[in-house]
Amino acid sequence: MSRTRTGCAWLAAFAAALLCIEGPTSLQAREPAIFGLVVGIDDYIGERNDLEGAVHDAEDIAKALKTAGAVQIRKFLNHEATKANIENAYHELLGVAQDGDTIFFSFAGHGSQEPEPPGRHDEADGKNENFLLAGYATQGKGTRERIIDDEIAEWLQKADKKNVRVVFAADSCHSGTMNRSARAETVRFRNGKFGEITDDLLKFPPPEAGKLKEDDFQNITFVGATSEDQLTPEVTIDGQKRGALSWALARALEGRADRDGDGVVTQVELLGFVVPAVHAQVESQQTPQVAPLRARSFGLFNVRSAKPEKPDNTSEPLRIAIDGGTAGPLGDVPFVEVVADKSKADLIWYAASGTIEHKVGGVVALGVNAGNVVPVATKWAALKLLKHRAASDAVDVSLPSGNKRYNIGETVDVKIAGAAYPHLTMFNMPPDGRVEFFIPDPKRKGEAEKDWRGGAFVESFKVANPPYGAEHLVAIFSKTILSDLHAVLAAMKTAKDTGPLRTVLEAVLASGDVQVGVLDIYTGSGG
């Protein structure tokens, strides 16, 4: 990949009120409270549509809500997640919540789409989105066990009128595909295969509810796992099947989204944290949909737990499954584990075709054989550490030119912003495991000393030559200039030189005064 340069608080204010009634009296403002309504469904009727990670999601979010100081948490798992239980719990919490409080309402499970009721034309595609509950069926009384988006809008409107803030998070998907093709032979997606609804017994809300849009609310924050036409995969995080969005939201509740360290997570901070944190877990195959698009700086919840003095750099080993080959070449590679079960692997090496695929991301390397597989595995072991760190303190990285597979001759536009530290180290990791060291370039005077805070790195890269697969552009912002790391990276002239990469990076990240961003760029020949 050739490089072509193209150029490149929330302020909380609490007023003290003094009432002078026969002398001064000091009144302390009431601290806003947070409530939780958490739903996670793995077990659906039959086995065809069962999930593995939704209950883990709900348990994690409930635990994080407790850490955040939630005064009441209602949790419904599997068969407990009935329409009546969820609706009653929501309105009970809304009845208790006061002006300025927050209800954190999360759903992890299957979503779907259905035609709008006769006579309604509120959706551009003619379809309502829905959330399917444990007892859902396509006919009879089971049809009542779903929540359609119009109902959610009606519930949220009641909170909005009461000036109660709601974070509604849906870790599901409704239909669609992925940004890039992947075999997905071992991946579960959160859009079930249930068939068409007949004999529908659901009572629909009045037509006015279907006309409500995100911009009509003042106190509501929407976070969806992905767009309506994309899939939401379950991935393995910390040894468990999970939804990446729920994982990110739990970390936000624990305080990682508190970018300015003032003890309050605002709407701006929450939405700014979630997208890059999810990207880091799913090779950018899933982009959360957030609203409002112009987030505001009001507080959603307070941070109760102190941030750890040292960051967590204890990422798991890279797990590789081998199809049609032997584990011999990978037996002694540090931080790499060969597994038999493809569903537990990060990468799958199809030895006969020489292809390595990421379980979610798709094809990441071509022409891989016993003689060159080690650098590829070494790269991904280092990448797993980097992404683990990036998900904890995310830099805003994006591809303005689109998240797709870029063919030879096409230009990739890159943007990186949100630096918490001044100094930038940037390098690329091509599909074959090499390292291309970009910044700071000693030929450009003063680049190492440049302060990147408050600005953005904007570049264009042209796909010029093989190897094709997955390129990963890594940005490390640091408090001090990382001269030792620069020297190591500059010395990695070939793929065989990159063996120490993960160990070196682990030492750099251990300092704590760094912030990591990883941008996934998938390429192909176009043939």
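Not measured: the values here are computed from a predicted model.

Conventions used here
- Residues numbered from 1 in each chain as written.
- Predicted model: local features only at pLDDT ≥ 70, side-chain atom pairs only at ≥ 80, totals over all residues.
- Heavy atoms only, no water.
- Pairing = 2+ DSSP bridges.
- Helix = DSSP H or I, 4+ residues; strand = E, 2+ residues; numbered from the N terminus.
- Axes fitted to C-alpha atoms, helices over the stretch in contact; angles between N-to-C directions.
- Contact = heavy atoms within 4.5 Å.
- Buried < 20%, exposed > 50% of the residue type's maximum accessible area, 1.4 Å probe, protein only.

Once that is clear, we can look at the sheet that holds strand 5 (residues 72-77). Strand-to-strand pairing in sheets goes through backbone hydrogen bonds, with the strands running parallel or antiparallel. With mixed pairing, the six strands of this open sheet are ordered in space as 5-4-6-10-11-15. A strand with exactly one partner marks an edge of an open sheet, and here the two such strands are strand 5 and strand 15 (289-291). Strand-to-strand, the axes of this sheet are offset by a mean angle of 5°, without reference to chain direction. Along the sheet, helix 5 (residues 244-256) makes contact with strand 4 (34-40), strand 6 (102-108), strand 10 (165-171) and strand 11 (220-224), crossing strand 10 at roughly 145°.

Taken in spatial order, the five strands line up as 18-17-19-20-21 in an open sheet, and their pairing is mixed. Either end of the sheet is taken by a strand with one partner, and the two such strands are strand 18 (336-339) and strand 21 (362-365). This sheet shows a mean twist of 35° between the axes of neighbouring strands, independent of strand direction. Across four bridges, the pairing between strand 19 (residues 347-350) and strand 20 (residues 355-358) is antiparallel. Residue pairing for strand 20: Tyr350 is matched across the bridge by Thr355. Lying on the sheet, helix 7 (residues 373-392) is in contact with strand 17 (318-323), strand 18, strand 19, strand 20 and strand 21; it crosses strand 17 at an angle near 145°.

Turning next to the environment of His79. Along the chain, the position of His79 falls in the loop between strand 5 and helix 2 (83-96). By relative accessible area, His79 is classed as exposed at 66%. A sequence separation of 36 residues divides His79 from Asp43, and the C-alpha atoms of the two residues are 7.5 Å apart.

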